[in-house]
Amino acid sequence: MKLTKILMCALAVGAMIFATGQAQAKSTLVIDGNLYVPITVKGTFTYVDSKGKISTRTATSKQIISQLGYAKGIILAIGPGADVYAINNGVVITNLSLGGYFHVTMSDTLDTSTGDFPTTKGTYSEVGVVTLDFASDRDLEFLDDNTFAFNLTGTYTYNESDSAVVSDLYKQSSKFSSKNLGGLSYVSDVDEIMPVSGSASGSASGSGVTY
Amino acid sequence: MRPKVVAIILLAGLAAVTGIYLIKHQGAPPPAAAPIAITEAKSTTPHMAPPIANVPPSAPAPAPVAAAPVVTNTLTPEQRQAAIDAETDRLQQWSMNDDPQSLSNILADLSSPEKEIRDAAIDAAEQFGNTNAIPVLKKLAANDGDPEEKAALLEAAHFLSLPSIFDADQSITPAEREARRQARMQKNAGNQNSPAPPNQ
C-alpha cells in the first residue's frame, strides 16, 4: 500500500470519528426528561415619531430577554405545560408563564398523526391559532401598564416526530412555526399603543424524553 | 513497503487524527464553527454560496470564516438529522450571544449545504442583531437561485437595517414618561373597577 493511501485511510477514520462526535453531541434541551423547544420571536413596530412621521422599529426575543433583566446567552423555550421558560445550557432559569410575563397559547384546529406511538415511532402535525402575550411588568390586561408588552395572534404549524418508547424513554423532535402574526404592543420609550407584526418559530430534538 | 512500516504509519496517522479530535472537544465551549457538510449516501448537489467576508467594524473582528470541512463519510438519515439538529441548537445559542466569534459562526452557516441549517442561520442572524451581517445576507441573496430563500435573506437584511424599538427617541423626559404611566395606570384601574355594563 502506498504511503498516501495509508494516510488517506487514517484521515477518513478520523473524519468519521469527528462527524459522529458532532452528530451525537448531547442535547442541552432535554431537561429532567422534558424537551424544551427554543423559540425566537421577532416583531416590527410602527408608530408616529417625534417629527410626526410613521416610523418602523424592530424587536427580537434576545431583546425581550434583555428587557426582563436576564444575562446574555439565556434563551426562551417552550417546555412542560406549554409554558414559556428562560433556560441556559441545560438549566431552567425560570418559568416565565408562571411568573405572569409570557404566555404562548396554541389552539389546535386540525391535526393528524401517523404510526403507532408509543409502540412504534410516530409523527404528529397540527395547525391552529396561536396567541403570544408578553408583559414586562406582568400586566397582560393593560399593555400600557408595562415597560414593554405585546399581544400577537396568528396561525401556526406544529410538527413532531417521536421514536418508539423504550424503557419509558424516547427521542422527540419538534418544530413550531408561525408567520404573519399581528397585534398590538406598547413600549414606554415610545409611549404609544402601536400595531406590531411579526413571526415566531422554534425547533428542537433530543433523546431521553420521559414518556 | 514492509508491513511493519505500513502498520506504524497507519497507527501514527490514527493517533494524530484522534489527538486532533480530542483537543478540539476537550473543554471547548460552544464547538467551533465552520459549517458542517453532511453527506448522505444519496447525496444531492450541494448548495453553492460565495465565500463570506464578514468584518464587523464596530466590534473586534471575528475570526475569519474557515473553509467548510467537508466530511464526506456516509451517514444514515438519522445521523444526518442528528448533525443538523446539533448545529441548529448551536445556532440558537450563538444568536443569543454578542461576541464576534458567534457572529462569524452564524454567517458561516448561512452557506451550509443543508437548507435546514441555512434557514436557522438566517433566523440566528436576525436575532443576533448586528448590522455587519447585512452585506453578507445581501451577497448571498444575489447568488441564491431559490426564490424563497432569496426573499428570506433579503427580509433578514431589511429587518437588521431597521433600528430597535428600544432605541426610539421620542424626546420624552423620564419624568414625563413616569407621569403619563401613573395617569394611565389610574385610568386603567378605574376601568377595571367600573361596574360591568348591564346585559342587553
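Refer to the structure presented above.
This one's a predicted model, so the numbers in the text were calculated from it and none came from an experiment. Each chain carries its own residue numbering, running from 1 in the direction its sequence is written. Think of it this way: whatever chain is written first is A, whatever ligand is written first is 1, and the rest follow in order. Given that the model is predicted, a residue must reach a pLDDT of at least 70 before its local features are reported, and side-chain atom pairs must reach 80 or more before they are shown or counted; all residues, however, enter totals for whole chains, interfaces and linings.

Section: the overall build of chain B
Selection rule: Each helix corresponds to a stretch of at least 4 residues labelled H or I by DSSP, and each strand to a stretch of at least 2 residues labelled E; elements are numbered beginning at the N terminus. Counting other C-beta atoms within 10 Å of each residue's C-beta, where C-beta atoms are placed from the backbone, gives the exposure class: buried for 20 or more, exposed for 12 or fewer, partly exposed between. With C-beta atoms placed from the backbone, a contact is any residue pair whose C-beta atoms sit within 7 Å.
Across its full length, chain B carries seven helices and two strands. Its helices and strands taken in sequence order, chain B reads α-β-β-α-α-α-α-α-α from the N to the C terminus. With 200 residues in all, chain B has 30% of them scored as buried. Of the contacts made within chain B by residues no fewer than 6 positions apart, 73% connect residues no fewer than 24 positions apart.

Considerations on the packing of helix H5 (residues 133-142) of chain B against helix H6 (residues 147-161) of chain B
Residues and elements named next belong to chain B. Basically, it comes down to this: Each axis is a line fitted through C-alpha atoms, taken for helices only over the stretch in contact, and angles between the N-to-C directions span 0 to 180 degrees. An angle below 35 degrees is treated as roughly parallel, one above 145 as roughly antiparallel, one from 65 to 115 as roughly perpendicular, and anything else as oblique. Left-handed describes a crossing whose near helix is turned anticlockwise from the far helix by less than a right angle; the clockwise case is right-handed.
Look at H5 against H6: their axes get within 8 Å of each other, and the N-to-C directions meet at 160°. Taken as axis vectors, H5 and H6 run roughly antiparallel relative to one another. Between H5 and H6 the crossing geometry is left-handed. Counted together, Ala133, Ile134, Leu137, Lys138, Leu140 and Ala141 of H5 and Lys150, Leu153, Leu154, Ala156, Ala157, Leu160 and Ser161 of H6 form the full contact between these two elements.

Some thoughts on the pairing of strand S13 (residues 192-210) of chain A
Each regular strand shows side chains that alternate between the opposite faces of the sheet. All names here are of chain A. Put simply, the rule reads: Should DSSP find at least two bridges between two strands, the strands are taken to pair.
As defined by bridge partners, strand S4 (residues 40-48) adjoins S13 across six bridges and the pair is classed as antiparallel. Note on S13: the bridge partner recorded for Gly43 is Gly198. Of the pairings in the sheet, the one linking strand S12 (residues 169-187) to S13 comprises 16 bridges and is antiparallel in character. In the sheet register, Leu169 faces S13, and the bridge partner there is Thr210. What sits between S12 and S13 in their antiparallel hairpin is a turn of four residues, with Asp191 showing a positive phi close to 65°.

Structural notes on the environment of Leu110(A)
All names here are of chain A. Take Leu110: it is sitting in strand S9 (residues 102-115). A tally of 8 C-beta atoms within 10 Å means that Leu110 is categorised as exposed. Separated by 17 residues in the primary sequence, Leu110 and Val127 place their C-alpha atoms 5.4 Å from one another. Residues in contact with Leu110, not counting those within four places in the same chain, are Glu126 and Val127.

Some details on the nonpolar core
Rule in force here: Here, a nonpolar core means buried Ala, Val, Leu, Ile, Met, Phe, Trp, Tyr and Cys residues linked by C-beta atoms lying within 7 Å of one another.
Core analysis: the largest hydrophobic core is formed by 48 residues, its most contacted members being Val37(A), Ile39(A), Leu76(A), Ala77(A), Leu132(A) and Phe134(A). Counting residues per element, this core draws most heavily on strand S11 (residues 148-162) of chain A, which supplies six residues. For Ile39(A), the contacting residues outside a window of four places in its chain are Ser61(A), Leu76(A), Ala77(A), Ile78(A), Phe176(A), Ala200(A), Ser201(A) and Gly202(A). Core analysis: the next-biggest nonpolar cluster, separate from the first, contains 26 residues, Ile106(B), Ala120(B), Ala124(B) and Val136(B) among them.

Looking at the packing of helix H4 (residues 115-128) of chain B against H6(B)
Residues and elements named next belong to chain B. Rule in force here: By the convention adopted, Pro, Cys, Tyr, Trp, Phe, Met, Ile, Leu, Val and Ala count as nonpolar, Lys, Arg, Asp and Glu as charged, and the other residues, Gly among them, as polar.
Their axes nearest at 9 Å, the elements H4 and H6 cross at an angle of 10°. Here H6 runs roughly parallel to H4, going by the angle between their axes. Contacts between H4 and H6 pair Arg118, Ile122, Ala125 and Glu126 from the former with Glu149, Ala152, Leu153, Ala156, Phe159 and Leu160 from the latter. Residue composition of the contact of H4 with H6, grouped by class: seven nonpolar, no polar and three charged.

Remarks on unusual backbone geometry
Residues and elements named next belong to chain A. In this structure, Pro118 follows Phe117 across a cis peptide bond, with omega equal to 15°. Counting through the fold element by element, Pro118 comes out in the loop between S9 and strand S10 (122-135). Notably, Asp168 is not glycine yet its phi reads approximately 70°, a positive angle. Following the sequence through the fold, Asp168 ends up in the loop between S11 and S12. For Asp168, a count of 10 C-beta atoms within 10 Å gives the class exposed. Its identity is not glycine, yet Asn180 carries a phi of approximately 60°, on the positive side. Assignment of secondary structure puts Asn180 in strand S12. With 9 C-beta atoms packed within 10 Å, Asn180 lands in the exposed category.

Here we look at the pairing of strand S6 (residues 75-78) of chain A
Residue and element names in this part refer to chain A. Residues Ile75 and Ala77 point to one face of S6 and Leu76 and Ile78 to the other, with burial holding for every one of them. In terms of strand pairing, strand S3 (residues 37-38) meets S6 through two bridges, oriented antiparallel. Its bridge partner lying in S6, Val37 is registered against Ile78. Direction of pairing for S6 relative to strand S7 (residues 84-88): antiparallel, over a ladder of four bridges.

Overview of the sheet that holds strand S8 (residues 91-95) of chain A
Sheet architecture is open: four strands sit in the order S3-S6-S7-S8 (chain A), paired in antiparallel fashion. The two strands at the open ends of the sheet, each matched to only one other strand, are S3 and S8 of chain A.

Side note on the sheet that holds S10(A)
All names here are of chain A. What the seven strands build is an open sheet, ordered S5-S4-S13-S12-S11-S10-S9; its pairing is antiparallel. For this open sheet the edge positions go to strand S5 (54-60) and S9, each flanked by a neighbour on one side alone. Recorded for the sheet is a direction-independent mean angle of 10° between the axes of neighbouring strands. Direction of pairing for S9 relative to S10: antiparallel, over a ladder of 13 bridges. Within S10, the position partnered with Thr112 by the bridge is Ser125.

By themselves, these are just geometric observations and shouldn't be taken as functional.
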